[in-house]
Amino acid sequence: QVQLVESGGGLVHPGGSLRLSCAASGSIFSIVAAGWYRQASLGAQRELVATLSEGGSTNYLDSVKGRFTISRDNTKNTVYLQMSGLKPEDTAVYYCNAIVRKTSTAPMRVYWGQGTQVTVSS
């Protein structure tokens, strides 16, 4: 079984920074792609914030471009989201998502973390 565990959320003032981590554990051959999503409130639509492909290509939600950076450490099976210039509208529960192969020939499967709260407030 593969588990994703997020950490690094918290309360920060506007303009501040946080780094979220998403550590994958279990039977993992490779993380094909990973992403961060956020949900501002219960019932709100979960939106895609950033993605990172196995080859290193990235994509970002327009509102976070230039402020957020997604990266990975393959030796630790960990994906990061560095957030700077945070704004109150960035407040949300942030979820990581990974497409994982358990073996070289196994089909890819999608896994989700449990979420970490980010609150931007003065």
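Whatever comes next refers back to the structure up there.
## Topic: the pairing of strand β11 (residues 116-120)
Thinking step 1. By the alternation rule, side chains of β11 split into T116, V118 and V120, which are all buried, and Q117 and T119, of which none is buried.
Thinking step 2. Here three bridges tie strand β2 (residues 10-12) to β11, and the two strands are oriented parallel to one another. Within the sheet, the bridge partner assigned to L11 lies in β11 and is T119.
Thinking step 3. In terms of strand pairing, strand β9 (residues 92-101) meets β11 through three bridges, oriented antiparallel. Bridge assignment links A92 to a residue of β11, and that residue is V118.

## Structural notes on the pattern of salt bridges
A side chain with one charge may pair with a side chain of the opposite charge, provided their charged atoms come close.
Thinking step 1. The full count for this structure, using the stated rule, is four salt bridges.
Thinking step 2. Put simply, D62 and K65 hold a salt bridge, and the shortest N to O gap is 3.0 Å.
Thinking step 3. Using a relative accessible area of 61% as the deciding quantity, one classes D62 as exposed.
Thinking step 4. Each of R38, E47, R67 and D90 takes part in salt bridges that share partners, so that together they form one network.

## Considerations on the environment of T103
Thinking step 1. Looking at the element boundaries, T103 is found in the loop between β9 and β10 (109-112).
Thinking step 2. The class for T103 is partly exposed, based on a relative accessible area of 38%.
Thinking step 3. A sequence separation of 63 residues divides T103 from A40, and the C-alpha atoms of the two residues are 35 Å apart.
Thinking step 4. A distance of 3.0 Å separates a polar side-chain atom of T103 from the backbone nitrogen of A106.

The rules behind the values
- Residues numbered from 1 in each chain as written.
- Predicted model: local features only at pLDDT ≥ 70, side-chain atom pairs only at ≥ 80, totals over all residues.
- Heavy atoms only, no water.
- Buried < 20%, exposed > 50% of the residue type's maximum accessible area, 1.4 Å probe, protein only.
- Helix = DSSP H or I, 4+ residues; strand = E, 2+ residues; numbered from the N terminus.
- Pairing = 2+ DSSP bridges.
- Salt bridge = Lys/Arg side-chain N within 4 Å of Asp/Glu carboxyl O.
- Polar contact = N/O pair within 3.5 Å; in protein donor to acceptor, adjacent residues only side chain to side chain.

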